Each structure stands twice: as structure tokens, then as C-alpha cells.
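Okay, here's what each chain looks like letter by letter:
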Amino acid sequence: AVHRHRIPSPHGTQESLVEYDRRRSVKETLLEEVVQTCVETADAARMIRSSMAHPPAARMAQPWEPFAEEAIAALVRGDAAGVRRVWPKLLGSLSDQPLLYVALARGGEPRQIADTRNLHHVLRRLLSGLPRLGLLPETCRLLETVAEREAAQLRDRRHPMGPGAITEFDALFEVGCKAIVRCLVISSADWIGRRKPKDGPQAFSRRADTGLVDCLEEVVELLLRCWLVHSRRVRLSVLEGVTDPQQWRGLKQFIETYGGDLFTQQFLSLGNVRGILHQGVAEYLEMLREEAESEEPIRLVADLDAAIEPDKAAHWLSVALEAVLENYGEYVDYNSITTQSDRGEMLYTLLDFLRLRAHYERLAWNLRPVMLAHQVLVRCNREAAAGIWRRAVASRTAPMAEDHLARFEQLCKKYGMHLPSIAQRLSERFVRPMEIDQLCALMRPAVAELRENRADAALRRFEEEIDRFTAQPSGAGYELPGWLDALERELDQVGYETPAEDQESFDPNLPFPQVRLSRPEARQQIQRMIAEAPKWQLGDD
């Protein structure tokens, strides 16, 4: 009923577009709440049946559901053999299931979204629970199955998804990757063996951490291959489509020709931009041409059909508006501190900076498995191993970081402006997320000391790290700095716990103990993962 409710179409005025955007946002927010409630209710029923060892419901909407419930029930019992028995049937039932969906904002069907997210919810539980039973190859194979299924769905001409398709593989991958790494990190505590007479305590500990890092490098390299194949299908920014010099010249020429009376500060207000994009840029241009309310019409509207084709005009206008919307914080930065922002035909200067940032974000995105492994290391208090990991990552990414900073300085000289928000992002040099992970990991022990009315080493170290982060203010005032936002989320999570409660009790996934693999078992699992992995064709990646 909510989905069928129609919102009146906007006119060409800014007030009409902003009101249309407001009503559309209210409707989509309500639909999102309804969809999420459906998914969580189905999950609750599934978990009740699995926890009470009830057989799956007699009538299942999807063919994968009976096998999924059987696997989850085995996970709850800690029955690895039971999971292996149902595993082939479960993977087979996923072979033709849709894992992508069209977003509500692009005309997606709420019932289809709810069905797909219901499957995603089950996959998260499996990806979290399998490594807890030591089933690392099964976890890896499930991730690969999801990636293969998404690729097949994109190739299916019978059900074209188009650019509006939504993937949740990144969230599923994070759950599976962290669970695999966590299994190995916790298991490695039993791998140390006996200390040799010539080894002192520090050398002994260093040898153990080095062995863990060597093991993780093999696993993360394998997971990285799967991640990169997925990454090639994901568009992070609309500006990735104008990396070619010819495409960039086309966009720049469009902005120089038509931006003067078009890209005003009023036109680029957030509600106006969102309203135009949701309505459709081509429809918006056609509406302006039909209404022709202004005595001095916009040059772009006057030149349609004569000097520029409508499709081409809609394409370049869409690229410019999407780029501004994706990076609205940077646009506010540009609008606040540069004189170029007073001239609409100079908007391409901002987009050139944003192209550089988009390239940086692509490389940072590709490093996601590496960052997830470090996050688990610091959360499991393996600080020495985490330090080894950070130094290795910093060394390998240093040339890329230097190249981006040098290109940024070239753009500053070329256009005579400096954008702090982009400069600060590039200055993170790909390693800032690991520093933020390290800071957030200090929150829990610091709060524990405060609850016990004592100020000890953990709180002092936490304060020292806070001082280091606050020594260099970041951001342009439009958004919270990333580290402060991450710290706030961490504090919210810690605040729900009482001193007597175990951290695992608030884990939304299955809260049963982690199986510890011996070193030979871990090696055997890793060799199976490598042997069973598909031969991904990565090309130059």
C-alpha cells in the first residue's frame, strides 16, 4: 500500500523539486522500515525453529530455505559434520537465486527487495558461524558462490539489472573475511609451542607474531583475489567514467559552455540536485523547455536540438550533478573557500579534483581485505602482529600515496585553489583506517577502567592517542572527521554493555565459542581453500 502511494510530479521550479524530494524521502524511509521489519521477523522465526531443533516449516517460499535452516540448526548445535552433510544441497539451491536488487529510489519492488535481503540475512549468519566451527574452506566457497551468482545475474539478459542494481557483497565479504581471520588469530594463541633455550621472551613472542602474519598473508591474498573480481563490477563514483582524456574534454567543454547560467549555488542546493536526478535529467530538461517561464531562458535549454543533442546534454548534466551529490561535503568546501565557485562555468575545476579523489578511493577500496585483517588483529589484542601488518601495508602503499599527493599539488597550481577536504583524504596515505582501528580498540579497556573507578594504563594511552588525532583538525566543518565518527559509534556499542556482560553476548550473529584449530589443522584448511578456489582471471589487477 505504501509503495502504491503516488507522489505528485514536480514542476521545473526549485520549490517544487525540493518539496518533491522531501515527500519522496519520507515515502522511501517508511518503505525501508517496512522491508527491514519483514526481514527481521522472518529471521526471528527461523532462529526460533533452529534453536529449538524444530524441523523447517512445511511451506517454504524459497527453495534454499529448508537447507539454510538445517545448516543454521547445525551451527547452533556446534555440529560441523551436520553442516558438511547439508552443504552441497545448500550451495546448489543458491545457484539460481537473485542476489542483486534495484534500489527503491530507482523504482525497485519492495517485495523483491525483502526476499533478497532475507537471503542476505541468512548468508551473514552462515558466514559468521562457519569459521567458528573451523570451517574455513566452506566460508571461502560461500563467498565465491555469492560473487559468481552476482556476476551471472548481471549477465542474465532476461532480467537486466542496469546501473541501479544494488549489491551487498561488500557487507557479506566483511563478515566472512573477519570471521576467517578471527578464527586464525584466536587459534594462533595455541601455536607457540615450547620456547627454545636461546629465545628470550621478546624473541619468542616476535616469532609467534611473525608466524601468524605469514599465515594471514596467505589467507588475505586468497580473499583479495575474490574481492578484486567483485570490485571490478562496482562503480564507486560517476567520475570513474570520465578517466579517459576524451571523455573528460567532453564534460569540461559542456560545463564551460553551459555552466555559467546553469550551475548557480541555488541550482546546486542539495534538495534541488536530488529532485532533478530522481525525476530524471532528460525529463527535467524537457519540462524546462515546455514551460519556458523565464524571459531569459537558460542557454542549455535554448541550444537543445540546435547546438547540442538532448541525449548528450542530459548525459553530461547527469554526470555533473551526480558528482556533486556524491561529494557534497567537498562541494560545500569548494563553495565556501574558493572564488571559482561563483562562476558556474568553472565547476569543472572541482570535478578535476574529485576525479583524483575517486582514483584514490578505488585503490583504498581494493585494499579492504587488508584493512579488515588489521581490524581483527587489534580487536583480539595482537598489537605486535598488528604493528607488523601496518608497517608492511605502509611500505607497499607509499609509492601510490606519494603519487596522489604530487598530482594534488599539480592541480592546486593549475587552478589556483586548495581544497582542504580532499587534501586531508589524500594525506591519509591509505593507512589512516588502520590508525582509527587502533584508536577504537582502546575504547573498551579504557571504559572498563572508568567503570572500576581507576585510571590506569589503558585510559592514559587512550587519551594520548586522542591528543594525537586532535592535534591536526580535519574536515571543512560540514561533516564529522572520520575518526571521531568511528569513535562515537564505538562508544555507543560499548555503552550498551554492563561490566558483567561478555562482549560476545551483544554479537548479532551466533554467540557460540570459537573452535581453535591447531597449526597443522589451520595449514590443512588453508591448503584446501587455495586448492578449491576458482581460477579468477584478474588481468592487470
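Refer to the structure printed above.
Let us look at the structure shown here. Note that the coordinates shown come from a computational prediction; the quantities given were computed from them, not determined experimentally.

**What about the pattern of salt bridges?**
Point 1. A full pass over the atoms with the stated rule returns 46 salt bridges.
Point 2. Its salt-bridge partner being Arg117, residue Glu32 comes within 2.9 Å of it at the nearest N-O pair. You can see Glu32 sitting in helix α1 (residues 14-51) and its partner Arg117 sitting in helix α4 (residues 110-129), a full 85 residues away along the chain.
Point 3. Residues Arg124 and Glu168 are paired through a salt bridge, measuring 3.0 Å at the closest nitrogen-oxygen approach. With Arg124 in helix α4 and Glu168 in the loop between β2 (165-166) and α6 (169-187), this pair connects stretches of sequence that are 44 residues apart.
Point 4. Overall, the relative accessible area of 23% leaves Arg124 in the partly exposed class.
Point 5. For Glu168, a relative accessible area of 13% gives the class buried.

**Focus on α1**
Point 1. An ideal rise of 1.5 Å per residue puts 56 Å on 38 residues; α1 measures up with 54 Å between its terminal C-alpha atoms.
Point 2. Trailing α1 by a residue or two, Ala53 shows a phi angle of about 60 degrees, which is positive.

**A few points about the side chain of Asp352**
Point 1. With respect to the helices, strands and loops of the structure, Asp352 is situated in helix α14 (residues 347-366).
Point 2. At 2.6 Å, the side chain of Asp352 forms a polar contact with the side chain of Tyr415.

**Re the nonpolar core**
Point 1. One finds Phe254, Phe263 and Trp389 to be the most contacted residues of the largest nonpolar core, which totals 128 residues.
Point 2. When residues no more than four places from it in sequence are discounted, the contact partners of Trp389 are Val213, Leu216, Glu217, Val220, Val370, Ala373, His374, Leu377 and Met434.
Point 3. Formed by 15 residues, the second largest nonpolar core is a distinct cluster that contains Leu439, Leu442, Leu459 and Val494.

**Some points on the environment of Arg233**
Point 1. Among the structural elements, Arg233 can be located in the loop between α7 (201-231) and α8 (245-258).
Point 2. Judged by relative accessible area, which is 30%, Arg233 ranks as partly exposed.
Point 3. Between the C-alpha atoms of Arg233 and Thr167, which are 66 residues apart in sequence, the distance is 9.8 Å.
Point 4. Setting aside residues up to four positions removed in sequence, Arg233 forms contacts with Ala147, Glu150, Ala151 and Leu154.
Point 5. A distance of 3.3 Å separates a polar atom in the side chain of Arg233 from the backbone oxygen of Ala147.

**Observations concerning the packing of aromatic side chains**
Point 1. Within the structure shown, the criterion is met by 14 aromatic pairs.
Point 2. Seen from their ring centres, Phe254 and Tyr258 are 5.6 Å apart, and the 50 degrees between their planes marks the pair as tilted. Residue Phe254 and its partner Tyr258 are located together in helix α8, separated by four residues, close to a single helical turn.
Point 3. We classify Phe254 as buried; its relative accessible area is 3%.
Point 4. Between Phe353 and Tyr415, the ring centres sit 6.2 Å apart and the planes meet at 50 degrees, which makes this aromatic pair tilted. One end of the pair, Phe353, is in helix α14; the other, Tyr415, is in helix α16 (residues 383-415), and 62 residues separate them in sequence.
Point 5. Counting every residue linked through ring pairs, the aromatic cluster contains Phe169, Phe173, Trp227 and Trp365.
Point 6. Directly above the aromatic system of Trp248 lies the positively charged group of Arg355, at a separation of 4.1 Å from the ring centroid.

**Digging into the side chain of Ser421**
Point 1. By the element assignment, Ser421 lies in helix α17 (residues 420-426).
Point 2. Overall, Ser421 belongs to the buried group, its relative accessible area being 13%.
Point 3. In this structure the side chain of Ser421 is engaged in a polar contact, spanning 2.6 Å, whose partner is the side chain of Asp333.
Point 4. When sequence neighbours within four positions are dropped, the list of residues in contact with Ser421 reads Glu330, Asp333 and Arg357.

**Notes on unusual backbone geometry**
Point 1. The backbone phi angle of Asp305 is positive, close to 75 degrees, even though this residue is not glycine.
Point 2. Given a relative accessible area of 53%, Asp305 falls into the exposed group.
Point 3. Its identity as a non-glycine residue notwithstanding, Arg429 has a phi of 55 degrees, on the positive side.
Point 4. The topology assignment puts Arg429 in the loop between α17 and α18 (432-441).
Point 5. On the basis of relative accessible area, Arg429 is assigned to the partly exposed category, the value being 28%.

What counts, and where the lines are drawn
Residues numbered from 1 in each chain as written. Predicted model: local features only at pLDDT ≥ 70, side-chain atom pairs only at ≥ 80, totals over all residues. Heavy atoms only, no water. Salt bridge = Lys/Arg side-chain N within 4 Å of Asp/Glu carboxyl O. Helix = DSSP H or I, 4+ residues; strand = E, 2+ residues; numbered from the N terminus. Buried < 20%, exposed > 50% of the residue type's maximum accessible area, 1.4 Å probe, protein only. Expected span 1.5 Å × (residues − 1). Polar contact = N/O pair within 3.5 Å; in protein donor to acceptor, adjacent residues only side chain to side chain. Core = buried A, V, L, I, M, F, W, Y, C linked by side-chain atoms within 4.5 Å. Contact = heavy atoms within 4.5 Å. Phe/Tyr/Trp six-rings, centres within 6.5 Å; stacked < 30°, edge-to-face > 60°. Lys NZ or Arg CZ within 6 Å of the ring centre and 35° of its normal.

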